[in-house]
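So the chains spell out like this:
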Amino acid sequence: MSEVKLSAETRTEFGKGAARRIRRADKVPGVLYGHGSDPLHLTLPGHELLLALRTPNVLIALDIDGKSNELAIPKAVQRDALKGFLVHVDLQLVQRGEKVNVEIPVVAEGELAAGGNLLEHVLNALPVEAEATHIPEQVTVSVEGLAAGASILAKDITLPNGVTLAVDEDAVVLQVLAAQAEEAPEGAEAEGEGEAAAEA
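Reading the values: rules and limits
- Residues numbered from 1 in each chain as written.
- Predicted model: local features only at pLDDT ≥ 70, side-chain atom pairs only at ≥ 80, totals over all residues.
- Heavy atoms only, no water.
- Helix = DSSP H or I, 4+ residues; strand = E, 2+ residues; numbered from the N terminus.
- Buried < 20%, exposed > 50% of the residue type's maximum accessible area, 1.4 Å probe, protein only.
- Contact = heavy atoms within 4.5 Å.
- Areas by Shrake-Rupley, 256 points an atom, 1.4 Å probe, with all protein chains shown as cover.
- Pairing = 2+ DSSP bridges.
- Axes fitted to C-alpha atoms, helices over the stretch in contact; angles between N-to-C directions.
- Arc of directions from axis to C-beta.

> Mind showing me how you'd approach the overall build of the protein chain here?
When you go through the protein chain residue by residue, the secondary structure sums to 3 helices and 13 strands. Across the 200 residues in the protein chain, those meeting the buried criterion constitute 33%. The long-range share in the protein chain, meaning contacts at least 24 apart out of those at least 6 apart in sequence, stands at 63%. As displayed, the protein chain offers around 11900 Å² of accessible surface, 49% of which is attributable to carbon and sulfur atoms.

> For this particular structure, what's the right way to read unusual backbone geometry?
With the exception of glycine, most residues fall at negative phi, and the peptide bonds are largely trans. Of note in this structure, Asp 26 is not a glycine but carries a positive phi near 60 degrees. Mapped onto the secondary structure, Asp 26 falls in the loop between helix H1 (16–24) and strand S2 (27–34). Phi angles above zero are rare outside glycine, and His 35 is one such case at about 60 degrees. Structurally, the position occupied by His 35 is in the loop between S2 and strand S3 (37–45).

> Help me understand the sheet that holds S3 in this model?
Sheets are built from strands that pair by backbone hydrogen bonding, the pairs being arranged parallel or antiparallel. Taken in spatial order, the 6 strands close into a barrel running S1-S3-S2-S6-S5-S4, and their pairing is mixed. Each strand of the sheet is rotated relative to its neighbour by a mean of 45 degrees, with strand direction disregarded. Along the sheet face, H1 touches S2, S3 and strand S6 (86–94) and points at about 115 degrees away from the line of S2.

> Got a minute to help me understand H1 in this structure?
Residues three or four positions apart in an α-helix share a direction because the helix packs 3.6 residues into each turn. Burial in H1 covers these residues: Ala 18, Ala 19 and Ile 22. Down the axis of H1, the sector holding all buried residues measures 100 degrees, keeping them to one side. Exposed and oriented more than 90 degrees from the buried face of H1 are Lys 16 and Arg 24. Buried-residue contacts for H1 involve S2 and S3. Of the residues trailing H1, Asp 26 is marked for its positive phi of about 60 degrees.

Any functional reading would require information beyond the geometric quantities listed.
In structure tokens:
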């Protein structure tokens, strides 16, 4: 997995006004927590953080005030609902060799069996336990040739070495649904017309 280096500054101003000032300077307020230590309030570079967060579960090497270096992974990211800019980020402190629970995106590849079947992602992300510096960016699952009624369970997915499931192994991750018959609405209209004629 990729590791991104960011410079951060400790933050002493709090509240909405302070947060707005931080964002106007193209920075993002955040909190670093974990390992039983007190939460550390930080200011992070906005553009660099936005680019880093394009990678799920990215490992961030933080240079804090030029004095200390910490490793962290994103745990909660708040974005503006309309404009999409970063509002706040929670970061979890991690150490090399440490196991962490994360969710990794599930990517389906291949073509379903003919017949207009639909693929439903019951789980868009798979909960797993992995070493903090070796979190997979995603898991790829083949759905080639699957027909309606087929499903893929968590235990059916091949995980990289050192990565284990953090969800019931029988949990449904993907399932194939039969295409809806298009004639149903027309039939319903016909029935309605018949009832109207009977009432007349």
